[in-house]
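Single-letter residue listing:
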Amino acid sequence: MKHTLTLFATLLLTPLAALHAADLPLSTAGKTEFRIVKPANPSPVDDYAVTKLSEYLRQITGAEFPVLDADKATGDSPCLYVGISAAVSEKLGAEPLKELTDQEHVSRSKGGDIFLYGKGVHGNLHAVMEFLETELGWRWYSVFEKPVIPATPTVTLKPFERKRGFSFRSREVGLIGDANFFYQNGINMGSEKWGSRSEASFVPYLRNDKFVHSSFAYIPPTPDTVYSKTFPWMERLDYFATNPEFFSMHANGKRTTGLQLCFSNPALRQELTRNILKHIAIAPGNDIITVDAADNPDAFCSCPDCKALEKKYQCPGGPIYDYLIELCGLMQKQHPGKFVKTLAYRRSQTQKPPTLPAGGKLPENLIISFAPIEDCFFADWNHPDAAVQETYRDLQAWGRVSSHLWAWLYPNPWGSGEVLPVGNLRRNINQMRLMHKAGVEGVFTDHRGAHDRSGLSELQGFLIRKLMQDVNCDTDALIREFTDHQYGPAAELARLYLEELEQGREAMRELPHGVTFTPGPRFEDHIFPYLTEANIHRWQRRFDDMEARVTASPEPLINVRLLRRELDFASLWKWFKLRQSDPDYFQDATVFANRIKAASPRPFAPGALADFMAMIEGGGVEKPLPAEFNGIDRSRIQTFVPTNSGRQSSPLTVKDAEAAWGYATTIHVPDMPFQVGFYQWESRQPSKGKEGARIRLEQKDITPGKYRLYKLGPITLTPDSWIWFSAKSWATNQQLGERLYEPGASNQWEAWVSLKIDGPTYGGTAKEDLVLCDRIIVVKKP
């Protein structure tokens, strides 16, 4: 199937001249004279559209609308025509589709009949859904709910004629639940799930069998990686064993599987292209070949030839761009109509576009998918932050050199931002409008929280789908419509809460250092400055009012409690200060914890909930400092409990009566000898920095099962510096630079760590190794 992509114009919803003034009696008291007529030679998408039209009309009116093949629609009864047939061409003119561009669709009445048709794979389906939504009030707000189908036995329509398109040609989301929800709401791409798997009845706009991070799927380094399982037809799964030169050279001069492919290597290019062409031969229905970087940070390759290509294109992604230009030329000749897609991702890799000869553009069959993962999730591209503005300039630059520019949208944060209230509605609205302005024609949403109904994800999804359709739509009206549906009598108060969250986020003119699409596991005031005790207290009282208003309405009550869930997490985070300000209201933390559990359709952030409860059960009072600190001015001393962001089945935080605060953090993947160190980050992408003080604890240094204080030594803080635990992981750490660094000061401190170490590796009696840190103590030098 040959496809041609052109930048799609803004959505059109234009009433055309109505030629016949007579009303259309679609149904009367649950009866109808209308028949539904299929298009000539209906496709699977057309059959789906006809079926859904028939089903929804029956549910709305109570009437049965007979479905006829195009050549069986005889007689004088009025018809509801789906798609193009001989009868439609006779009634509307020889070529009704001639004036339409791809994906534009029309719903109109004429002479007592109704015509629903459109151009492209889903054109007729789009026309059907537009008709149901505009004329009959059909809505489907959330994948977790059923469609809103107003029962209307008698339906009389005024004459109408509308043409509509989409602001974004490719509309793709992470699919959850019922795929019919997305299909009927205008989504036309389903990652790897539509077109090649069991969900093949949902036909994508363009089929894409490998969605992202594909290079190691075509050249698997070892058989035991996840990439080796992507294509069952791959003949070889161990390229690193036989061809280490196919893989990136580390800065130390050694080849490694931990970076990327060495795209400057001619033999690598030949083998990669061979496997890509084999994929096309095996799966001829696949429209997009994804060739992009593995999801590994740092520079692509340090070999001289790759560095020369970086210089040639004046950007870090030079090696892969050079190969893509070569591959696209071959594809254009051998497989016209197929596309190559690559990811513009990370400033140190491919976010920066290549510099081409004056006026030059990348190949017509190359799709650039721009993924701004390093931007702070609190800011849209209107924010004055230098890094955020740099990202938008990069997007605009891609728009000048690429023929087809798509983009990723990250509606919600990861890490601690997943469980705390974040006002991210206007940010998403602004991002999509600025994407469109920069020439983006396709959007994919990497929607964190959607599975858990968290982070305003259902309202965000509703707005995103409407903006995909019309980027200039009235989002304020849409927010009112959605919240009225979702929260009923509590909608006005819900909107007030959402507006105050938005204002709190927008007031952050200085963005927190190191926060990208995630703040990591950190719950810190400077990251969430709007979550003050006063705001949390006021909002909790407001939610009490909201729940009282919807007590008799089961669905709105569920939705109000879901909206409250992140606020309850914020209350547990600030528990001791809140209890001090209002001990009667914040009396029992289990009330808030149980409310979180009851509201969740599945366990929601159980690790974070367990951590907070362990801290609260610990009592919130710090034990006195050890005797070593007697006589030191307390104002010079700061104490911290580190965080563990590692993936492990055991708790990240445990209650411990012997710990300084009544709880302690577990160390992720503890080593032996056990190591603790200080590190000054110079760059996160690529990873670069300076080692500082380090201690190595042998068995003789350990008292198993007891807390001991260990001196790490002198440290010099930089804006991004931390203390890490275990040389095997570093996932347990404490960021100090963001908390204590002072510009212009000496930033000289001394550091100690308090550890309890137990288990067989360390000579202890515990069955399993466990290392706990209950306190880091740092003392500022005079």
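Residues numbered from 1 in each chain as written. Predicted model: local features only at pLDDT ≥ 70, side-chain atom pairs only at ≥ 80, totals over all residues. Heavy atoms only, no water.

## Quick notes on the overall build of the protein
Looking only at helices and strands, one finds 21 helices and 25 strands in the protein. Rg of the C-alpha trace for the protein: 30 Å, near the compact-globule value of 28 Å for 782 residues, within the 12% margin. Its C-alpha atoms give the protein principal-axis dimensions of about 100 × 70 × 50 Å. Every one of the 782 residues in the protein was classed for burial, and the buried ones make up 57%. Here the contacts in the protein between residues at least 6 apart in sequence split such that 71% fall between residues at least 24 apart. (Helix = DSSP H or I, 4+ residues; strand = E, 2+ residues; numbered from the N terminus. Rg over C-alpha atoms; globule rule 2.2 N^0.38 Å. Buried < 20%, exposed > 50% of the residue type's maximum accessible area, 1.4 Å probe, protein only. Contact = heavy atoms within 4.5 Å.)

## Observations concerning helix α17 (residues 554-573)
At 3.6 residues per turn, the α-helix brings residues three or four places apart onto the same side. Over its 20 residues, α17 runs 29 Å from end to end, which matches the ideal 28 Å to within 8%, given 1.5 Å per residue. Along α17, the sharpest kink reaches roughly 35°, centred on Arg565. A large share of α17 lies buried, amounting to 16 of its 20 residues. (Expected span 1.5 Å × (residues − 1). Bend = angle between axes of the 7 residues up to and from the residue.)

## Notes on the packing of aromatic side chains
Per the stated rule, a full pass over the model turns up 49 aromatic pairs. Among the aromatic residues, those joined into a cluster by ring pairs are Phe377, Phe378, Phe523, Phe528, Tyr530, Phe569, Trp573, Phe604 and Phe612. Sitting over the face of the ring of Phe604, Arg565 holds its NZ or CZ atom 4.0 Å from the ring centroid. A cation sits over an aromatic face here: Arg684 above Trp722, 4.9 Å from the ring centre. (Phe/Tyr/Trp six-rings, centres within 6.5 Å; stacked < 30°, edge-to-face > 60°. Lys NZ or Arg CZ within 6 Å of the ring centre and 35° of its normal.)

## Overview of the environment of Asp758
With respect to the helices and strands, the residue Asp758 is situated in strand β24 (residues 748-758). If we skip the residues at most four places from it in the chain, Asp758 touches Pro704, Gly705, Gly764, Thr765, Ala766, Glu768, Asp769 and Leu770. At 3.2 Å, the side chain of Asp758 forms a polar contact with the backbone nitrogen of Thr765. (Polar contact = N/O pair within 3.5 Å; in protein donor to acceptor, adjacent residues only side chain to side chain.)

## Looking at the confidence of the model for the protein
It should be kept in mind that the predicted coordinates are not to be read in detail where pLDDT is low. In this model, the protein carries an average pLDDT of 93, and 96% of its residues clear a pLDDT of 70 or more. Of the regions scoring below 50 in pLDDT, residues 1-20 engages in 62 contacts with residues more than four places distant in sequence or in other chains. (pLDDT = per-residue confidence, 0-100.)

## Side note on the packing of helix α12 (residues 425-437) against helix α13 (residues 457-469)
Between α12 and α13, whose axes approach to 10 Å, the crossing angle comes to 20°. Here α12 lies roughly parallel to α13, going by the angle between them. Along this stretch, α12 crosses α13, giving a crossing that reads as right-handed. In this structure, α12 contributes Leu425, Asn428, Ile429, Met432 and Arg433 to the contact, and α13 contributes Leu459, Gln460, Leu463, Ile464, Leu467 and Met468. Per-class residue counts for the contact of α12 with α13 are eight nonpolar, two polar and one charged. (Axes fitted to C-alpha atoms, helices over the stretch in contact; angles between N-to-C directions. Parallel < 35°, antiparallel > 145°, perpendicular 65-115°, else oblique. Left-handed = near helix turned anticlockwise from the far one by under 90°. Nonpolar A, V, L, I, M, F, W, Y, C, P; charged D, E, K, R; others polar.)

## Some remarks on empty space enclosed by the protein
The full count for this structure, using the stated rule, is seven cavities of 30 Å³ or more. Size it by volume and the largest cavity reaches roughly 190 Å³. Around the largest cavity sit 17 residues that line it, and Glu133, Gln184, Asn185, Lys466 and Gln469 are the ones nearest its centre. Secondary-structure elements contributing two or more residues to the lining of the largest cavity are α3 (123-136), α4 (179-184) and α13. Class assignment for the residues of the lining of the largest cavity results in six nonpolar, five polar and six charged. Volume-wise, the second largest cavity comes out at about 140 Å³. Mapped onto the lining of the second largest cavity, the elements with two or more residues apiece are α13, α14 (475-487) and α17. If one sorts the elements of the lining of the second largest cavity by residue count, α17 sits on top with four residues. Partitioning the lining of the second largest cavity into residue classes produces six nonpolar, four polar and three charged. (1 Å grid on protein atoms, 1.4 Å probe; cavity = no way out; pocket = protein on both sides within 12 Å on 5 of 7 lines; lining within 4 Å. Points joined across faces, edges and corners; volume = space filled by probe spheres on them.)

## Digging into the pairing of strand β4 (residues 79-82)
The two faces of β4 match: Cys79 and Tyr81 on one face and Leu80 and Val82 on the other face are all buried. In this sheet, β4 lies alongside strand β2 (residues 35-37) in parallel orientation, the contact comprising three bridges. Across the sheet, residue Arg35 finds its bridge partner in β4, namely Cys79. Examined bridge by bridge, β4 and strand β6 (residues 113-118) share three bridges and lie parallel to one another. Directly across from Val82, in β6, lies its bridge partner Leu116. (Pairing = 2+ DSSP bridges.)

## Some details on the sheet that holds strand β16 (residues 643-644)
With antiparallel pairing, the five strands of this open sheet are ordered in space as β16-β23-β22-β19-β20. With partners counted over all chains shown, the strands left at the sheet margins are β16 and β20 (688-697), one partner each. One ladder, built from two bridges, connects β16 with strand β23 (residues 732-735); its direction is antiparallel. Each bridged residue has a counterpart across the sheet, and for Thr643 the counterpart in β23 is Asn733.

## What about helix α16 (residues 533-549)?
In this model, α16 (17 residues) spans 25 Å end to end at C-alpha, consistent with the 24 Å of a helix rising 1.5 Å per residue. Asn535, Ile536, His537, Trp539, Gln540, Arg542, Phe543, Met546 and Glu547 are the residues of α16 that are buried. Taken together, the buried residues of α16 touch α15 (491-506), α17, α18 (575-581) and α19 (589-599).

## Here we look at the pattern of salt bridges
Under the definition given, this model contains 55 salt bridges. A salt bridge links Arg207 to Asp209; the shortest N-O distance between them is 2.8 Å. Both residues of the pair, Arg207 and Asp209, count as buried. Of the charged contacts in the structure, one is a salt bridge between Arg453 and Glu458, with a shortest N-O distance of 2.9 Å. Summarising the burial analysis for this pair, Arg453 and Glu458 share the class buried. (Salt bridge = Lys/Arg side-chain N within 4 Å of Asp/Glu carboxyl O.)

## Structural notes on the nonpolar core
If you look at the biggest cluster of nonpolar residues, it comprises 161 residues, and the most contacted ones within it are Leu26 and Phe131. Dropping the residues within four chain positions of it, Leu26 is found in contact with Lys31, Thr32, Phe34, Leu57, Phe65, Leu80, Ile114, Phe131, Leu136, Val155 and Leu157. Of all hydrophobic cores here, the second largest spans 27 residues; its members include Leu717, Phe725, Ile757 and Val771. (Core = buried A, V, L, I, M, F, W, Y, C linked by side-chain atoms within 4.5 Å.)

## Comments concerning the side chain of Asp375
Looking at where Asp375 falls in the secondary structure, it is placed in the loop between β12 (366-371) and α11 (386-401). Judged by its relative accessible area of 5%, Asp375 falls in the buried class. Discounting residues that sit within four places of it in the chain, Asp375 has contacts with Arg347, Trp381, Ala387, Val388, Thr391, Val515, Thr516 and Phe517.

## What about the sheet that holds β6?
The strand order β3-β2-β4-β6-β5-β8 describes an open sheet built from six strands, whose pairing is mixed. Here the strands that pair on one side only, and so sit at the sheet edges, are β3 (67-68) and β8 (161-164). Pairing geometry for β2 and β3, over two bridges, is parallel. By the bridge assignment, Val37 is partnered in β3 with Leu68. Sheet strands in contact with α3 are β4, β5 (105-110), β6 and β8, and its direction is about 130° off that of β6.

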